[in-house]
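# Descriptive structure summary
Given next are the chains, with one letter for each unit.
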Amino acid sequence: MDPYFRELYGSRWPTLKSALKEEVRHIALVNPFCRTSEHERRRQLGEATANVMGLQVHSRAEPKDGSGGTYPVPPSDQAGVKAWYWMDLASLLPPLALRIGETDAVLDVCAAPGGKSIVMAQRLFRRHRVGSGAEGQAAGGCLVCNEMSASRRKRLNGVVSDYLPADVRSRVRLTGCDGTKLREHGVYDKVLVDAPCSSERHILMQKGPSRDHRSSRSKASPPVIDRWSPKQCKSFAKTQYAILKSALQCLKPGGRLVYSTCSVAVVENDFVVEKVLEKFGDPEGKIAVRVAEDRGFPDPKDRETLEQLGCERTNHGYCMLPDRSKFGPIYWCVLERVKGGRAVGAEDGNKAAGATSATIN
């Protein structure tokens, strides 16, 4: 691993590697759909609160003894909706880069475990306010959360059920499609592809040998880090390209897609985008795609916030790495489908209507 990333990051790699091996820092994303009081929230989380581009978060105070401490369990209101969601602050940025509107049809292609879906739901249904008599305003937009893995989809279902009230969940649908073979072409205004990746931080945080659970014998497998290889990155990149290529076809003309990973390997990030641009970069093509000029954040104040958080521009997007930001890693790029592409047929229009009215049990 070291020679590969030393070539990419040069003298920065030892510092970045050390940061990747540290415990992930989490923030509490406040749930505006929950009826618990602000006083109760501040009592458990403290006064350190901030507004990150329209989302309210609490930073977690680290114990002075260096023990790491515990994460307060979020209380639930009478409807069973939880008050906050613990997540890496970096994970807020890809869904925020979509600039979701209240009437958008939104697709989360690789949705589990569900944190980014919760962020998108907060933006999509932001006029919904509990106890205000405005619950009907949840209607309009829709969110489809896709996850092919049955076990991960079960966890996703739990997160959606725990953090969204019933009338909002009526605008959310869970699906289990293969992300490389999506069929709802030309249906969505916004799409998030938070693709599976080599996730170097998780690899570096693994300590000691792992167990081979596929065998009845309790034998130790080589440490995860010993099984990492550049070939693995290239394998992920092929899968990422296949998912991204499939997801782009789900966009309406003029729609936007955010591609993201938690990998620090360029081959899984900008290089995947470059390959997509080679295929779909012709403005006269059946489906034409380009990198969004504003990279998802047209407001100068938002771009200033990104800089303050330690985000760095790449050739096609942004990255947030823990040696400079204390959060992440995360990479994202905003792609938009050029208007004038293939017209949406009647069949696709029916699918769009079906997505809008679908529900989650």
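Whatever comes next refers back to the structure up there.
The structure displayed is predicted, hence computed values, not measured ones.

### Quick word on the layout of surface pockets
- The calculated volume of the largest pocket comes to roughly 980 Å³.
- Lining the largest pocket are 40 residues, with Ala 112, Pro 113, Lys 116, Arg 152 and Asp 194 positioned closest to its centre.
- At three residues, the largest contribution of residues to the lining of the largest pocket is made by strand 4 (residues 84-87).
- Among the residues making up the lining of the largest pocket, the classes are represented as 20 nonpolar, eleven polar and nine charged.

### So, the nonpolar core
- Counting residues in each nonpolar core, the largest one holds 55 residues, and the members touching the most others are Leu 92, Met 320 and Trp 332.
- Considering every element that reaches this core, the biggest residue donor is helix 5 (residues 115-124), with five residues.
- Discounting chain neighbours no more than four positions away, the residues touching Met 320 are Leu 89, Ala 90, Leu 93, Leu 309, Cys 311, Ser 325, Phe 327, Gly 328, Pro 329 and Ile 330.

### Here's the deal with the packing of aromatic side chains
- Within the structure shown, the criterion is met by ten aromatic pairs.
- Taking the centre distance of 4.9 Å and the plane angle of 20 degrees together, the rings of Phe 5 and Trp 13 count as stacked.
- The class for Phe 5 is buried, based on a relative accessible area of 0%.
- The interplanar angle of 80 degrees and the centroid separation of 5.2 Å between the aromatic rings of Tyr 85 and Tyr 163 together place this pair among those described as edge-to-face. Of the two residues, Tyr 85 is situated in strand 4 and Tyr 163 in helix 6 (residues 150-163); the sequence distance between them amounts to 78 residues. Across the pair, Tyr 163 and Tyr 85 agree in class, each one buried.
- The lysine or arginine in question, Lys 275, covers the ring of Tyr 241, its NZ or CZ lying 4.4 Å from the ring centre.
- Here the basic side chain of Lys 279 rests over the ring of Phe 280, its NZ or CZ set 5.7 Å away from the ring centre.

### Focus on helix 5
- A large share of helix 5 lies buried, amounting to nine of its ten residues.
- Every buried residue belonging to helix 5 is among Gly 115, Lys 116, Ser 117, Ile 118, Val 119, Met 120, Ala 121, Gln 122 and Leu 124, and all of these are buried.

### Re the pairing of strand 5 (residues 105-108)
- The side-chain alternation of strand 5 yields two buried faces, one formed by Ala 105 and Leu 107 and the other by Val 106 and Asp 108.
- Where strand 5 lies against strand 6 (residues 142-146), four bridges are found, and the strand directions are parallel. When the bridges of strand 6 are listed, Val 106 appears paired with Leu 143.

### What about the pattern of salt bridges?
- One pass over the full model with this rule turns up 19 salt bridges.
- Of the charged contacts in the structure, one is a salt bridge between Arg 43 and Glu 40, with a shortest N-O distance of 2.9 Å. One end of the pair is Arg 43 and the other is Glu 40, both in helix 3 (residues 38-45) and three residues apart, which spans about a single turn.
- A salt bridge links Arg 324 to Glu 312, with the shortest nitrogen-to-oxygen separation between them at 3.2 Å. Of this pair, Arg 324 sits in helix 12 (residues 322-325) while Glu 312 sits in strand 13 (residues 311-313); the two residues are twelve residues apart in sequence, bridging distant segments of the chain.
- Where salt bridges share partners, they join Arg 12, Glu 312, Asp 323 and Arg 324 into one cluster.

### Some details on the packing of helix 9 (residues 230-248) against helix 10 (residues 270-280)
- Put simply, helix 9 and helix 10 touch, their axes get as near as 10 Å, and they point 45 degrees apart. Here helix 9 lies oblique to helix 10, going by the angle between them. Crossing hand, helix 9 versus helix 10: right-handed. For the pair formed by helix 9 and helix 10, the contact residues are Ala 237, Gln 240, Tyr 241, Leu 244, Lys 245 and Leu 248 on the first element and Val 272, Lys 275, Val 276, Lys 279 and Phe 280 on the second.
- Tallied by class, the residues present in the contact of helix 9 with helix 10 amount to seven nonpolar, one polar and three charged.

### Some points on the environment of Lys 301
- Relative to the helices and strands, Lys 301 is located in helix 11 (residues 300-309).
- Using a relative accessible area of 64% as the deciding quantity, one classes Lys 301 as exposed.
- Note: C-alpha distance between Lys 301 and Met 53 (248 residues apart in sequence) is 9.2 Å.

About the criteria used
- Residues numbered from 1 in each chain as written.
- Predicted model: local features only at pLDDT ≥ 70, side-chain atom pairs only at ≥ 80, totals over all residues.
- Heavy atoms only, no water.
- 1 Å grid on protein atoms, 1.4 Å probe; cavity = no way out; pocket = protein on both sides within 12 Å on 5 of 7 lines; lining within 4 Å.
- Points joined across faces, edges and corners; volume = space filled by probe spheres on them.
- Helix = DSSP H or I, 4+ residues; strand = E, 2+ residues; numbered from the N terminus.
- Nonpolar A, V, L, I, M, F, W, Y, C, P; charged D, E, K, R; others polar.
- Core = buried A, V, L, I, M, F, W, Y, C linked by side-chain atoms within 4.5 Å.
- Buried < 20%, exposed > 50% of the residue type's maximum accessible area, 1.4 Å probe, protein only.
- Contact = heavy atoms within 4.5 Å.
- Phe/Tyr/Trp six-rings, centres within 6.5 Å; stacked < 30°, edge-to-face > 60°.
- Lys NZ or Arg CZ within 6 Å of the ring centre and 35° of its normal.
- Pairing = 2+ DSSP bridges.
- Salt bridge = Lys/Arg side-chain N within 4 Å of Asp/Glu carboxyl O.
- Axes fitted to C-alpha atoms, helices over the stretch in contact; angles between N-to-C directions.
- Parallel < 35°, antiparallel > 145°, perpendicular 65-115°, else oblique.
- Left-handed = near helix turned anticlockwise from the far one by under 90°.

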